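# Structure assessment
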Amino acid sequence: MAKAPRFARWSSAVAAALVMAAPQAASAAQPLDNGSPAAAIVDSDVRQEEALSTTEAGKVITAIDRTRDNIGAVRKTTKLDRVDIVFLTDAARSEGGPPPAIENKVKQHQEDVAELRQEIEANALLFNAIDSRRVQAEDVLAVEFDNPGKVVIYAAAKPPK
């Protein structure tokens with residue numbers, strides 16, 4: 001019988017080791033035994049409110065302009081006292097999307113907004129906060145860190161029913 005090339009034998013051994021280690025690694029990453037993983041991770045007061053984008057346009061546009069700075073804050077966030085999710089109901093996709101002023105600002109900062117959304121998805125605390133209110137990362141327009149321990153997330157979405 002022909003000998004397998006050295007690389008093929010080595011890669012098979014590594015693959016087998018990874019498969020064997022994967023279940024233990026996954027279980028060590030996040031305990032899910034309390035039945036509410038979002039509560040275990042978020043451990044913050046998550047509040048929601050509904051608003052019209054025309055009413056909140058100034059705040060949203062200012063937050064979008066600060067997206068580059070807020071990306072760093074999202075990366076560093078590990079604990080928050082309060083997460084406020086502001087549903088801009090008239091800016092939801094089902095309503096035609098954000099008004100032109102906000103949409104143009106999002107396009108102007110398109111790369112930064114896309115990176116912000118990725119960082120939110122990568123941050124367990126913030127991802128679980130928006131997920132608990134059924135907000136998709138792609139609906140997040142901006143975030144604003146008001147006070148230490150508090151973040152406001154502006155979403156072009158409608159709240160869950």
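Everything discussed here concerns the structure shown above.
Now for a description of the structure that goes with this document. Bear in mind that the values here come from a model prediction, so they are computed numbers and not experimental data.

## Here we look at the pairing of strand β2 (residues 82–88)
Judged by how many residues are buried, β2 sits mostly within the fold: six of seven residues are covered. Sheet topology places strand β1 (residues 45–51) next to β2; seven bridges connect them, and they run parallel. Paired with E50 across the two strands is F87, which belongs to β2. Across six bridges, β2 lies against strand β4 (residues 150–155) in parallel orientation. Bridging from a neighbouring strand, R82 pairs with K150 of β4.

## Topic: the packing of helix α4 (residues 67–76) against helix α6 (residues 110–122)
Packed helices, taken two at a time, are described by the angle between their axes plus the distance between the axes. Remark: α4 packs on α6, axes separated minimally by 9 Å, with the N-to-C direction vectors making an angle of 15 degrees. Judged on the interaxial angle alone, α6 and α4 are roughly parallel. In this structure, α4 crosses over α6, and the sense of that crossing is left-handed. Within the contact between the two elements, α4 uses T67, R68, I71, V74 and R75 and α6 uses D112, V113, E115, L116, E119 and I120. Residues that form the contact of α4 with α6 fall into these classes: five nonpolar, one polar and five charged.

## Focus: the side chain of T77
Position of T77 relative to the elements: it lies in the loop between α4 and β2. T77 sits in the buried class, given a relative accessible area of 10%. Separated by 2.6 Å, the side chain of T77 and the backbone oxygen of A73 make a polar contact. Look past the residues within four positions of T77 in its chain and what remains in contact with it is N123 and F145.

What counts, and at which threshold
- Residues numbered from 1 in each chain as written.
- Predicted model: local features only at pLDDT ≥ 70, side-chain atom pairs only at ≥ 80, totals over all residues.
- Heavy atoms only, no water.
- Buried < 20%, exposed > 50% of the residue type's maximum accessible area, 1.4 Å probe, protein only.
- Helix = DSSP H or I, 4+ residues; strand = E, 2+ residues; numbered from the N terminus.
- Pairing = 2+ DSSP bridges.
- Axes fitted to C-alpha atoms, helices over the stretch in contact; angles between N-to-C directions.
- Parallel < 35°, antiparallel > 145°, perpendicular 65-115°, else oblique.
- Left-handed = near helix turned anticlockwise from the far one by under 90°.
- Contact = heavy atoms within 4.5 Å.
- Nonpolar A, V, L, I, M, F, W, Y, C, P; charged D, E, K, R; others polar.
- Polar contact = N/O pair within 3.5 Å; in protein donor to acceptor, adjacent residues only side chain to side chain.

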